[in-house]
Amino acid sequence: MSHATVTHNAAAQRFELTVDGLLCEATYRLKDGVMWMNHTGVPPALEGRGLASQLVAAAVDHARQHGLKIKPVCSYVAVWMRRHPEAADLVA
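Scope of this entry: the structure provided in the associated data block. Keep in mind that what you see is a predicted model, and the values were worked out from it rather than measured.

Let us look at the overall build of the protein. Within the protein one finds two helices and five strands. The N-to-C order of helical and strand elements in the protein reads β-β-β-β-α-β-α. Computed over the C-alpha atoms, the radius of gyration of the protein is 12 Å, within 12% of the 12 Å expected from 2.2 N^0.38 for a compact globule of 92 residues. Considering only C-alpha atoms, the protein reaches an extent of 35 × 30 × 20 Å along its principal axes. For the protein, the proportion of its 92 residues judged to be buried stands at 40%. Across the protein, every contact between residues at least 6 apart in sequence was considered, and the portion connecting residues at least 24 apart equals 41%. Carbon and sulfur atoms make up 53% of the accessible area of the protein, which amounts to about 5,100 Å² in all. Charge-centre separation for the protein: the mean point of 9 positive side chains lies 7 Å from the mean point of 8 negative side chains.

Set out below in structure tokens:
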């Protein structure tokens, strides 16, 4: 598993990291204190490294630190949330 640094690009409403020059992202829309997580994207060349999981974990940490809830619209985020019961209290 790679451990690149995830950054929060608030202006673009996404969490991102770049590996081997390729952008990975988890996007959201913020509305009424809820992060609507709507897309997680990892280029095919980088799949299987746990990068999408790192992005969602960073989003969950951000939500917890800022008193936000998460609405997992993206299927990957929904599965991640089910696999991490410690984040269940954040589901909107």
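Here we take up the sheet that holds strand 5 (residues 69–72). The strands that make up a sheet pair up through hydrogen bonds in the backbone, lying either parallel or antiparallel. The five strands are arranged 1-2-3-4-5 in an open sheet whose pairing can be described as mixed. Each end of this open sheet is capped by a strand with a single partner; those strands are strand 1 (7–9) and strand 5. Neighbour-to-neighbour, the strand axes of this sheet turn through a mean angle of 30°, independent of strand direction. Running over the sheet, helix 1 (residues 51–65) touches strand 1, strand 2 (14–19), strand 3 (22–31), strand 4 (34–41) and strand 5 and is turned about 145° from strand 2.

It is worth spelling out the packing of aromatic side chains at this point. In this description, an aromatic ring pair is defined by two values, namely the gap between the centres and the angle between the planes. Following the criterion strictly, the structure yields one aromatic pair and no others. Centre to centre, the rings of F15 and Y28 are 5.7 Å apart; their planes meet at 40°, and the pair counts as tilted. One end of the pair, F15, is in strand 2; the other, Y28, is in strand 3, and 13 residues separate them in sequence. Each member of the pair, F15 as well as Y28, carries the same accessibility label: buried.

The next thing to look at is the side chain of T40. Following the sequence through the fold, T40 ends up in strand 4. By relative accessible area, which is 15% here, T40 ends up buried. Contacts of T40, omitting those with residues within four sequence positions, involve E25, A26, A52, V56, C74, Y76 and V77.

Quick notes on the rules
- Residues numbered from 1 in each chain as written.
- Predicted model: local features only at pLDDT ≥ 70, side-chain atom pairs only at ≥ 80, totals over all residues.
- Heavy atoms only, no water.
- Helix = DSSP H or I, 4+ residues; strand = E, 2+ residues; numbered from the N terminus.
- Rg over C-alpha atoms; globule rule 2.2 N^0.38 Å.
- Buried < 20%, exposed > 50% of the residue type's maximum accessible area, 1.4 Å probe, protein only.
- Contact = heavy atoms within 4.5 Å.
- Areas by Shrake-Rupley, 256 points an atom, 1.4 Å probe, with all protein chains shown as cover.
- Lys, Arg positive; Asp, Glu negative; His and termini not counted.
- Charge placed at Lys NZ, Arg CZ, Asp CG, Glu CD.
- Pairing = 2+ DSSP bridges.
- Axes fitted to C-alpha atoms, helices over the stretch in contact; angles between N-to-C directions.
- Phe/Tyr/Trp six-rings, centres within 6.5 Å; stacked < 30°, edge-to-face > 60°.

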